[in-house]
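Each chain is listed here by its residues.
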Amino acid sequence: MNAAAIPVTAVRKMGLFLDAIKFHESIFALPFAYTGMILAVWTESDAARWYPTIHQFIWISVAMVGARTVGMSANRIIDRYIDAQNPRNASRHLPSGKLSVRDMTLLTLAALAIFIFAAYMLTDSLSKPLALILAPVAVAYLIFYPYTKRFTWTSNLLLGWALAIAPSAAWIGITGSLTWQPVLLSLAVALWAGSFDILYHTQDHDFQKQAGLHSVASRFGIVGAFWWARVMDGLALVALNALGIWLALSWPYYIGIALATAFLIYKHRLVSPDDLSSLGMAFFRINAYVSITMFVATLLAVLL
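From a predicted model like this one, the values you see are computed outputs, not experimental measurements.

Definitions and cut-offs
Residues numbered from 1 in each chain as written. Predicted model: local features only at pLDDT ≥ 70, side-chain atom pairs only at ≥ 80, totals over all residues. Heavy atoms only, no water. Helix = DSSP H or I, 4+ residues; strand = E, 2+ residues; numbered from the N terminus. Buried < 20%, exposed > 50% of the residue type's maximum accessible area, 1.4 Å probe, protein only. Areas by Shrake-Rupley, 256 points an atom, 1.4 Å probe, with all protein chains shown as cover. Core = buried A, V, L, I, M, F, W, Y, C linked by side-chain atoms within 4.5 Å. Salt bridge = Lys/Arg side-chain N within 4 Å of Asp/Glu carboxyl O. 1 Å grid on protein atoms, 1.4 Å probe; cavity = no way out; pocket = protein on both sides within 12 Å on 5 of 7 lines; lining within 4 Å. Points joined across faces, edges and corners; volume = space filled by probe spheres on them. Nonpolar A, V, L, I, M, F, W, Y, C, P; charged D, E, K, R; others polar. pLDDT = per-residue confidence, 0-100. Contact = heavy atoms within 4.5 Å. Phe/Tyr/Trp six-rings, centres within 6.5 Å; stacked < 30°, edge-to-face > 60°. Lys NZ or Arg CZ within 6 Å of the ring centre and 35° of its normal. Polar contact = N/O pair within 3.5 Å; in protein donor to acceptor, adjacent residues only side chain to side chain. Axes fitted to C-alpha atoms, helices over the stretch in contact; angles between N-to-C directions. Parallel < 35°, antiparallel > 145°, perpendicular 65-115°, else oblique. Left-handed = near helix turned anticlockwise from the far one by under 90°.

Novice: Where do I start with the overall build of the protein chain in this structure?
Specialist: Across its full length, the protein chain holds 13 helices and 0 strands. The N-to-C order of helical and strand elements in the protein chain reads α-α-α-α-α-α-α-α-α-α-α-α-α. Dimensions of the protein chain along its principal axes, counting C-alpha atoms only, are 55 × 55 × 30 Å. Residues counted as buried form 51% of the 304 residues belonging to the protein chain. On the protein chain, roughly 14,200 Å² of surface is accessible, and the fraction owed to carbon and sulfur atoms is 69%.

Structure, rendered in structure tokens:
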């Protein structure tokens, strides 16, 4: 093999890997992690300081991206045979042979090592070890939840909690402890992300029924899934409002909630039980709009 071809191949595989795990979609989860980070700094310092240190910002970012990479890549490996049978997913990188299981496993292990190291860097020289202690628990959950579609219709809700780890984990990374405020924020994220996942997987309803897989849509039907999603989005907004009241956040936070509400209403207007054709990029971007809006609104609220 030509020596010059080795780095080219490695770069190409890395590009395929990032595409396989939808790395660009990290923007969905990161803003809520940053929201937890900002609120943790603000509450811990009694509103005297709103910003994290460079050290905290960098390692929280690395930890969040590393954890998401572990979760997504493990999902691709665990579900490769299911994806191969599903016409919508058959072109994914493992079923189509663009990447091998060995490739994905090696890159997953690299992401895992980065995540654990980032958790270590957030332990404040082990005087506040909770981030490092809970890191393996988070990894175990991220690897476990892809299996849940094989035995429980709550799999969509459990996916929501996989993303909901982010704000509480960022809070722990700042304070070294966990209180009920970040748990409430995580609940809002779990409801919001679970609602999105319920709607997204309505397009696999027929395949899931045929393959014996479980989801809200396969259990309650597509119409029932849409009702679940609406209720969960409503409860997510209730949780966000409750958090703002609890922390006495100023008016920009509630402007953010109003905008997030508008985005979620638009999401539900894009699709209906009779028309799933708009489950495309515009639908996906709404997730980014909601999370970025709430982060900016929270940032402005603590600045004021």
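Here the narrative resumes, following the displayed structure.
Novice: Explain the nonpolar core to me, please; I cannot follow it from the model alone.
Specialist: The nonpolar side chains of a soluble globular protein tend to be buried, and buried together. Among the nonpolar cores identified, the biggest contains 78 residues, and Leu39, Trp192, Leu249 and Tyr253 are the most heavily contacted of them. With 12 residues, helix H9 (residues 180-200) is the single largest residue contributor to this core.

Novice: Would you mind showing me how to read the pattern of salt bridges here?
Specialist: Close approach of charged atoms allows side chains with opposite charge to pair. As enumerated under the stated definition, the model contains 5 salt bridges in all. We note a salt bridge from Asp79 to Arg150, for which the minimum N-O separation is 3.1 Å. Taken together, the positions of Asp79 in the loop between helix H3 (54-78) and helix H4 (80-85) and Arg150 in the loop between helix H7 (130-144) and helix H8 (155-175) put the pair 71 residues apart, joining distant regions of the chain. Among the salt bridges present, the one from Lys267 reaches Asp233, with a minimum N-O distance of 2.8 Å.

Novice: Hey, could you run me through the layout of surface pockets in this one?
Specialist: The method is simple in principle: a probe with the dimensions of a water molecule rolls over the atoms, and the space it marks as empty is what remains. What the second largest pocket holds in volume is close to 190 Å³. As for the second largest pocket, its lining consists of 13 residues, of which Phe17, Val65, Thr69, Ala111 and Ile114 are closest to the centre. Of all the secondary structure elements, the ones that give two or more residues to the lining of the second largest pocket are helix H1 (5-20), H3 and helix H6 (101-121). Classifying every residue of the lining of the second largest pocket gives 11 nonpolar, 2 polar and no charged.

Novice: Hey, could you run me through the confidence of the model for the protein chain in this one?
Specialist: Confidence in the prediction of the protein chain, expressed as mean pLDDT, is 90, and 92% of residues score 70 or more. Between the elements of the protein chain, mean pLDDT differs from a low of 71, seen in H1, to a high of 97, seen in helix H11 (residues 216-246). Scored below 50 in pLDDT, residues 1-6 shows 1 contact in the model against residues more than four places distant or in partner chains.

Novice: Mind showing me how you'd approach empty space enclosed by the protein here?
Specialist: Throughout the structure, instances matching the rule amount to 1 cavity of 30 Å³ or more. Taken together, Phe32, Ala188, Val189, Trp192, Ala236, Leu237, Leu240, Ala260, Leu264 and Val290 make up the lining of the largest cavity. At the level of elements, H9, H11 and helix H12 (251-270) are the ones that each hand at least two residues to the lining of the largest cavity. Counted by class, the lining of the largest cavity contains 10 nonpolar, no polar and no charged residues.

Novice: Could you clarify how one ought to interpret the packing of aromatic side chains in this entry?
Specialist: Within the structure shown, the criterion is met by 12 aromatic pairs. The interplanar angle of 80° and the centroid separation of 5.4 Å between the aromatic rings of Trp59 and Phe117 together place this pair among those described as edge-to-face. With Trp59 in helix H3 and Phe117 in helix H6, this pair connects stretches of sequence that are 58 residues apart. Its relative accessible area of 19% is what places Trp59 among the buried residues. Residue Phe117 is classed as partly exposed on the basis of its relative accessible area, which comes to 42%. Judged by centre distance (5.0 Å) and plane angle (90°), the rings of Trp153 and Phe220 are edge-to-face. Residue Trp153 is located in the loop between H7 and H8, and its partner Phe220 is located in helix H11; the two are separated by 67 residues in the primary sequence. Overall, the relative accessible area of 26% leaves Trp153 in the partly exposed class. The class of Phe220 is partly exposed, set by a relative accessible area of 35%. Following the ring pairs from residue to residue traces out a cluster consisting of Tyr34, Phe57 and Phe295. Geometry around Phe220 places Arg219 over its ring, the cationic atom sitting 4.8 Å from the centre. In this arrangement the basic side chain of Arg230 is found over the ring face of Trp227, its NZ or CZ atom lying 4.8 Å from the centre.

Novice: Looking at this model, I keep getting lost on the environment of Ser218. Mind explaining?
Specialist: The topology assignment puts Ser218 in helix H11. The class of Ser218 is buried, set by a relative accessible area of 12%. As for Ser218 and Asp206, which are separated by 12 residues in sequence, their C-alpha atoms are 8.0 Å apart. With residues near it in sequence (within four places) discarded, Ser218 still touches His205, Gln208, Lys209 and Leu213. Within the structure, Ser218 has its side chain in polar contact with the backbone nitrogen of Ser215 (distance 2.8 Å).

Novice: What is the right way to read the packing of H3 against H6 from this model?
Specialist: A packed helix pair is summarised by two numbers, namely the angle formed by the two axes and the spacing between the axes. Packing of H3 against H6 brings their axes to within 8 Å, and their N-to-C directions diverge by 150°. Judged by the inter-axis angle, H3 sits roughly antiparallel to H6. In this structure, H3 crosses over H6, and the sense of that crossing is left-handed. Only Val101, Met104, Thr105, Thr108, Ala111, Leu112, Ile114, Phe115, Phe117, Ala118 and Met121 of H6 make contact with H3, whose side of the interface consists of His55, Trp59, Val62, Ala63, Gly66, Ala67, Thr69, Val70, Ser73, Arg76 and Ile77.

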